Amino acid sequence: MSLALPEFRPGTVWLVGAGPGDPGLLTLLAAHALAAADHVVHDALVDRRILALAAPGAELESMGKRGGADSPKQAAITARLIELAQAGKRVLRLKGGDPFVFGRGPEEAQALAAANIAFRIVPGITAGIGGLAYAGIPVTAKECNSTVTFVTGHGPDGDLPPDVDWDKLGAGSQVLVFYMAVRQLEKLAARLIKAGRPGTDPVALVSKAASPDQAVLISDLERIAADAAARPLPAPALIVVGPVVGLASVLDWWDGA
Ligand SMILES: C[S@@+](CC[C@H](N)C(=O)[O-])C[C@H]1O[C@@H](n2cnc3c(N)ncnc32)[C@H](O)[C@@H]1O
């Protein structure tokens, strides 16, 4: 294949999405950046098989935010990117999924712009679309929904975000895809029922999507919290609510290989 891809110039930062897990979901630009980067600053969600595609002499540095107490502060991450670029490195900031979907990519790009560092954004396949496809759940299907909404379950204090109008959200979107929401699952399900969604609304919890360890729990709004407590699934995980979940019984295709 011959395809003219842009040069990764020294002293610049590429902010790249690595997709939800399966290395085959990397974009051509992401693979090109991995082969050319001097320094890769990656977050905790990036699969080891993807990091293995970095050039042999490249430095790999984990600066993942995990929501835990010892996560690096966002300011330290952006300062590091700026420092490396100013030292003339080709800096690859590699993030899980898409860098502009619930991933602090915009903050990092803003900091680079403020420091006059040239940067490029390479979108990736977000977990809430590509990861769900690996569980046989399309985010839209003609017979099911005309709307889908992506929502974070993690507000500034770790609780459900206070700036969401939960009544309107519950009533207004046929399909809801929640990121970072598993810890709030019980509260979330109760809030959506209070907003008028039926307790029988289908719900799926999709853990480690698009990886060999993917696991899917299918339930409904009324029972999901109890079912997830009885069968805890590891992070990262997504929650999807709405009629498209029903298609997984036919479209479930991923065998982990
Ligand atoms: C900080 S957000 C980053 C999202 C990422 N930028 C994206 O576009 O997919 C982390 C959340 O994404 C979801 N997530 C990311 N990768 C996942 C995967 N492989 N399987 C399930 N959920 C995933 C989980 O909800 C996790 O808590």
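Reading the values: rules and limits
- Residues numbered from 1 in each chain as written.
- Predicted model: local features only at pLDDT ≥ 70, side-chain atom pairs only at ≥ 80, totals over all residues.
- Heavy atoms only, no water.
- Core = buried A, V, L, I, M, F, W, Y, C linked by side-chain atoms within 4.5 Å.
- Buried < 20%, exposed > 50% of the residue type's maximum accessible area, 1.4 Å probe, protein only.
- Helix = DSSP H or I, 4+ residues; strand = E, 2+ residues; numbered from the N terminus.
- Contact = heavy atoms within 4.5 Å.
- Pairing = 2+ DSSP bridges.
- Axes fitted to C-alpha atoms, helices over the stretch in contact; angles between N-to-C directions.
- Phe/Tyr/Trp six-rings, centres within 6.5 Å; stacked < 30°, edge-to-face > 60°.
- Lys NZ or Arg CZ within 6 Å of the ring centre and 35° of its normal.
- Near = heavy atom within 4 Å.
- Polar contact = N/O pair within 3.5 Å; in protein donor to acceptor, adjacent residues only side chain to side chain.
- Areas by Shrake-Rupley, 256 points an atom, 1.4 Å probe, with all protein chains shown as cover.
- Nonpolar A, V, L, I, M, F, W, Y, C, P; charged D, E, K, R; others polar.
- Domains from an automatic or database assignment.
- Buried area = accessible area lost by both parts, 1.4 Å probe.
- Salt bridge = Lys/Arg side-chain N within 4 Å of Asp/Glu carboxyl O.
- Patch = residues over 30% accessible without salt bridge, like charges linked within 9 Å, V, L, I, M, F, W, Y side chains within 5 Å.

A. Structural view of the nonpolar core. Among the nonpolar cores identified, the biggest contains 22 residues, and Trp166, Phe178, Leu188, Leu192, Leu205, Ile239 and Val241 are the most heavily contacted of them. Of all elements in the fold, only helix 6 (166-172), strand 7 (175-179), helix 7 (185-194), strand 8 (202-207), strand 9 (215-220), helix 8 (224-230) and strand 10 (237-241) reach the threshold of two or more residues within this core. With four residues, the top contributor of residues to this core is helix 7. When sequence neighbours within four positions are dropped, the list of residues in contact with Ile239 reads Leu176, Val177, Phe178, Ala181, Val182, Leu185, Leu188, Val203, Ala204 and Leu205.

B. Representation of the sheet that holds strand 3 (residues 59-62) within the structure. Spatially, the five strands line up as an open sheet ordered 3-2-4-1-5, and their pairing is parallel. Each having just a single partner strand, strand 3 and strand 5 (119-122) make up the two edges of the open sheet. The sheet shows a mean angle of 20° between the axes of neighbouring strands, taken without regard to direction. Sheet strands touched by helix 3 (residues 74-86): strand 1 (13-17), strand 2 (39-42), strand 3 and strand 4 (91-95). Its angle to strand 4, the strand with the most contacts, is close to 150°.

C. Helix 5 (residues 127-134), seen in detail. For helix 5, every residue scored as buried is listed here: Gly128, Gly130, Gly131, Leu132 and Tyr134. Those residues of helix 5 hidden inside the fold are in contact with strand 6 (148-152), strand 7, strand 8 and strand 10. Once helix 5 finishes, Gly136 follows within two positions and takes phi at roughly 75°, a positive value.

D. Highlighting the packing of aromatic side chains. All chains considered together, the criterion is met by seven aromatic pairs. Taking 5.7 Å as the distance between ring centres and 65° as the angle between the ring planes, the aromatic pair formed by Trp253 and Trp254 counts as edge-to-face. Chaining the aromatic ring pairs together yields one cluster made of Phe102, Phe150 and Tyr179. A cation sits over an aromatic face here: Arg120 above Trp14, 5.4 Å from the ring centre.

E. Fine view of the site of the ligand. Close to the ligand lie 17 residues, the nearest being Asp98, Val101, Thr126, Ala209 and Ala237. Within the backbone of Val101, an N or O atom sits 2.7 Å from a nitrogen atom of the ligand. Expressed as a share of its isolated accessible area of 560 Å², the protein-covered part of the ligand is 88%. A breakdown of the residues in the shell around the ligand according to their chemical character gives twelve nonpolar, three polar and two charged. Of the residues that make up the shell around the ligand, three or more belong to each of domain 1 (13-125) and domain 2 (128-251).

F. Region of the structure containing the domain arrangement of the protein chain. Along its sequence, the protein chain is organised into domain 1 (13-125) and domain 2 (128-251). The C-alpha centroid of domain 2 is placed 27 Å from the C-alpha centroid of domain 1. Roughly 800 Å² is buried in total at the junction of domain 1 and domain 2, and carbon and sulfur atoms are behind 69% of that figure. Taken as a group, Pro20, Asp22 and Phe102 account for 53% of the area that domain 1 buries against domain 2, more than any other trio of residues on that side. Between domain 1 and domain 2 we count zero salt bridges in total. Our enumeration of links across domain 1 and domain 2 arrives at two residue pairs in polar contact (both at pLDDT 80 or more).

G. Representation of a nonpolar patch on the surface. Together, Phe102, Ile129, Phe150 and Met180 make up an exposed nonpolar region whose accessible area comes to about 350 Å². In this fold, Ile129 is placed in helix 5.

H. Structural context of the pairing of strand 4. When you tally the buried positions in strand 4, you get five out of five residues, the bulk of the element. In strand 4, alternate side chains face the same way, and those of Val91, Arg93 and Lys95 on one face and Leu92 and Leu94 on the other are all buried. When strand 1 meets strand 4, the two strands line up parallel, connected through five bridges. Residue pairing in the sheet places Trp14 in a bridge with Leu92 of strand 4. In terms of strand pairing, strand 2 meets strand 4 through four bridges, oriented parallel.

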